[in-house]
Amino acid sequence: MATAAAKDITRRIGELRDQIRYHEHRYYVLDNPELSDADFDCLMQELNKLEAEHPELITPDSPTQRVGGKPREGFVKVPHSTPMLSLDNAYNEQELRDWERRVHELSGRKTVDYVCELKLDGLSMALRYAPDPHDGGSSRLAQALTRGDGSIGEEVTANVKTIRSVPLFIPAATLKKAGLAAEFEVRGEVIMPTKSFERMNEERERQGLAKFANPRNAGAGAVRVLDPNITAQRRLDFYAYFLLTDGRAFLPRQSEALEALQAAGFKVNPNWRPAQNGEEVWKFINSWEPKRDTLPYEIDGVVVKVDETRLQRELGYTGKAPRWAIAYKYAARSGITKIEDIRVQVGRTGKLTPVAWLQPVAIGGTTVTRATLHNADEIERLGVKIGDWVEVERGGDVIPKVTRVLDDQQHPRGDRQFHMPERCPECGGHVVRVEGEADHRCVNANCPAKLRETILHFASRGVMNIEGMGDALVNQLVERGLVKSVADIYQITKQDLLGLERMGDKSAQNVLDEIANSRKLPLERVIYGLGIRFVGERTAEFLAQHFGSLDAMMQASVEELQEVNEVGPRVGQSIYEFFQEPKNRELVKRLRESGLTFTGKKREKGTKLAGKTFVLTGSLANHSRDEAKKMIEDAGGKVTSSVSKKTDYVVAGVEPGSKLDKARDLGVNVIGEDEMLRLVRG
Ligand code: IVH
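Computed from a predicted model, the values in this text were never measured in an experiment.

Draft legend 1. Expanded view of the overall build of the protein chain. For the protein chain, the count of helices and strands is 25 helices and 23 strands. Its C-alpha atoms give the protein chain a radius of gyration of 29 Å, within 12% of the compact-globule value 26 Å for 682 residues. Here the protein chain holds 682 residues, and 50% of them are scored as buried. Sequence separation of at least 24 residues holds for 67% of the intrachain contacts in the protein chain that already meet a minimum separation of 6. Taken as a whole, the protein chain presents about 33,100 Å² of accessible surface, with 49% of it coming from carbon and sulfur. Once the 99 positive and 101 negative side-chain charges of the protein chain are each reduced to a mean point, those two points are 1 Å apart.

Given below as structure tokens:
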């Protein structure tokens, strides 16, 4: 009887793992989920529960084991099966053609097949798969190594396991379909998608932490942290591009290797193409350069590979790179230039941003004349002075920034120190720096620069989407006093517009139509458009869903505001203060009179946990803190940040903090992630 029951449990665990793997693949690799998040969580919860009851059945490749590893002391160094070489670069068509010519000469071939792949800008990684000890025909992730010095890498398996698109286990049947044995190595690139990067930086800004410079640095940092729970929160991705057995490529072609990797469940970048000659390679390269900013991750070029493995072997390697591949690098996104001046710009919130005025420099196809220096702390960190030679970097569509000061014979140091002004350069108002904050701000509520930026934000694409209301128009509207607040936008007449420069009847009518259309946009856009400090697009959406109307949101206390997802004390205070200001209340009143959308669909909450208060401490294995908070709140519960006698449950994850001690002292119920999920689902 006991054995029959044990068998059932083992079978059920097996089933759940198969199902979860299948759905993880649909979601994270194919980007095409079949299940809702809640249904997926249910499977995960059941598996978690069974494994908690039968810890002897936990295997390292179970989907539950992605997170939860303990922080390490350091990384172990492991030699690579075959060196992880880098690639030679080509920076222009000539260099690319020279490489092709060499390939032809060395191989004696008249025609050579190539494969063109995007060159993802991340961190290269080797993943070793080995036969599963319980099921030799299947394969499990055994080791993940960074490139290191090319010969010896660092073992970062626990961190890489948190990347959901990396398969932890590949069943025998899948391997068979892909034509792979259970032992092989995959090489590829770990990247941080632009969205994850932006989200992480937003979150860091909310917490008052320094932001990361670019997704590559943020991703590389996330792989090399000692605590896998931190890697998990950074939402990385992995794209496979190289398949090895016994240290060599074994399929006859690179194109077949890419297909095999995809069939085995790896994420392979879909934008690779075969090319039959140099002309086709060049076309591929040119077609992607203008499109690179539309990708959800950064690329810095194209990798061109000889398709046939036999030919690759014949061509072999120079000391440090294969002769059978080349990296075509798009124009650098950084350049060296001189700072001619540092001037201050005033933003929507009154923030003063020091901007470097540069000697014009061509970077990645555009001429750059300005770069941001962010704030006074950044100027100090860089040690930058007026007259310095600096490196300037330009990412996707972000504003160029100064990343480094040069100091050598050709690039002598500048000597003019910059100081933040005590008066606003736009209005002469007082400038203050609040203690503990990096930014200086103009405190004059009527500062014209603030108004201009507020209007531009309100009209911009992601907000009220009023096309045609850009710099030129807004400058004139503000200068002529036609617009003194965003509410005035809805009072603009055709007569007003016709009096402005370069405004004919047709364009004036277009602007008016755009303004009229913006009235229909949903509540979250209006909230975002108000320009409340710390309220970005996502927060605006959470606020709209939570309150369902602008009026309810306006009446909320700081505490009530904090019940909203992602709203902490700083954000809550900022929203509250915004609506305490009579001028802002007047603004809202006028927007209402103009017929903007003031109500939305409130997300109905459950009542299972009504009146119950939770505190979260430590990292949970399967959910981020935000997700857990949202689940509790959706079930009607409340999440607060400190433990008191009124707290009903403390949810403890890995590495809980002092909140756990406090809970024990006060006799508050301490539960784990599973128990929390049980409560949430009732
Ligand atoms: S193939 C020996 N393919 O670029 C073959 N590399 O500059 C080595 N990279 O270290 C790599 N995308 O980190 C290859 N589709 C791709 C790539 C790629 C990005 C990176 C990789 C490599 C570096 C070389």
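Anyway, onward from the coordinates.
Draft legend 2. Expanded view of the nonpolar core. Residues Met469, Leu543, Met553 and Phe579 are the most contacted members of the largest nonpolar core, which totals 55 residues. At the level of elements, helix H13 (448-459), helix H14 (471-479), helix H16 (505-518), helix H17 (523-529), helix H18 (537-547), helix H19 (550-554), helix H21 (569-580) and helix H22 (582-593) are the ones that each hand at least two residues to this core. Non-local contacts of Leu543, meaning those with residues more than four positions away in its chain, are made with Ile527, Val535, Gly548, Met553, Leu561, Val564, Val567 and Ile575. Counting 40 residues, the second largest nonpolar core, distinct from the first, contains Leu180, Met192, Ala240 and Trp272.

Draft legend 3. Spatial organisation of the sheet that holds strand E23 (residues 669-671). Strand order across the open sheet formed by 4 strands is E21-E20-E22-E23, with parallel pairing between neighbours. The open sheet terminates on both sides in strands that have one partner only, identified here as strand E21 (638-640) and E23. Mean inter-strand twist for the sheet, computed between neighbouring axes without regard to direction, equals 35°. Strand direction decides the pairing type here: strand E20 (residues 613-617) and strand E22 (residues 649-652), joined by 4 bridges, are parallel. When the bridges of E22 are listed, Val615 appears paired with Val650. The strands that helix H24 (residues 658-666) touches are E20, E22 and E23; relative to E20, the one it contacts most, it runs at about 140°.

Draft legend 4. Looking closely at H14. Within H14, burial applies to Leu473, Val474, Gln476, Leu477 and Val478. Along its buried surface, H14 packs onto H13, helix H15 (494-498) and H16. Count one or two residues on from H14 and you reach Gly481, which has phi positive near 70°.

Draft legend 5. Representation of the sheet that holds strand E9 (residues 237-244). Pairing in this open sheet of 5 strands is antiparallel, and the strands run E7-E5-E4-E8-E9 from one edge to the other. Of all strands in the sheet, those with a lone pairing partner are strand E7 (169-170) and E9, marking the two edges. Strand direction decides the pairing type here: strand E4 (residues 123-132) and strand E5 (residues 135-146), joined by 8 bridges, are antiparallel. The residue bridging Arg128 from the neighbouring strand is Gln143, located in E5. Contacts from helix H9 (residues 254-263) reach strand E8 (184-191) and E9 within the one sheet, and its direction differs from that of E9 by about 130°.

Draft legend 6. View of a negative patch on the surface. A surface patch of negative charge is lined by Glu198, Glu202, Glu537 and Glu541. Those elements giving two or more residues to the negative patch turn out to be helix H6 (194-206) and H18. On the secondary structure map, Glu537 appears in helix H18.

Draft legend 7. Spotlight on the pattern of salt bridges. Per the counting criterion, the structure on display carries 44 salt bridges. A salt bridge links Arg441 to Asp439; the shortest N-O distance between them is 3.5 Å. Across the pair Asp551 and Arg592 runs a salt bridge whose closest N-O atoms are separated by 2.7 Å. Of the two residues, Asp551 sits in helix H19 while Arg592 sits in helix H22, which places them 41 residues apart along the sequence. A residue is classified by how much of its surface remains accessible, and Asp551, at 25% relative accessible area, is partly exposed. According to the relative accessible area criterion, Arg592 is partly exposed, its value standing at 38%. Three or more residues joined by partner-sharing salt bridges are found here, namely Asp8, Arg11, Arg12, Glu15 and Glu46.

Draft legend 8. Spotlight on the packing of helix H23 (residues 625-634) against helix H25 (residues 673-681). At a closest axis distance of 9 Å, the pairing of H23 and H25 adopts a crossing angle of 30°. It follows that H23 is roughly parallel to H25 by the angle criterion. H25 is crossed by H23, and the crossing has left-handed handedness. Residues Ala628, Met631 and Ile632 of H23 form the contact with H25, whose participating residues are Met676, Leu677, Val680 and Arg681. Broken down by class, the residue content of the contact of H23 with H25 amounts to 6 nonpolar, no polar and 1 charged.

Conventions and cut-offs
Residues numbered from 1 in each chain as written. Predicted model: local features only at pLDDT ≥ 70, side-chain atom pairs only at ≥ 80, totals over all residues. Heavy atoms only, no water. Helix = DSSP H or I, 4+ residues; strand = E, 2+ residues; numbered from the N terminus. Rg over C-alpha atoms; globule rule 2.2 N^0.38 Å. Buried < 20%, exposed > 50% of the residue type's maximum accessible area, 1.4 Å probe, protein only. Contact = heavy atoms within 4.5 Å. Areas by Shrake-Rupley, 256 points an atom, 1.4 Å probe, with all protein chains shown as cover. Lys, Arg positive; Asp, Glu negative; His and termini not counted. Charge placed at Lys NZ, Arg CZ, Asp CG, Glu CD. Core = buried A, V, L, I, M, F, W, Y, C linked by side-chain atoms within 4.5 Å. Pairing = 2+ DSSP bridges. Axes fitted to C-alpha atoms, helices over the stretch in contact; angles between N-to-C directions. Patch = residues over 30% accessible without salt bridge, like charges linked within 9 Å, V, L, I, M, F, W, Y side chains within 5 Å. Salt bridge = Lys/Arg side-chain N within 4 Å of Asp/Glu carboxyl O. Parallel < 35°, antiparallel > 145°, perpendicular 65-115°, else oblique. Left-handed = near helix turned anticlockwise from the far one by under 90°. Nonpolar A, V, L, I, M, F, W, Y, C, P; charged D, E, K, R; others polar.

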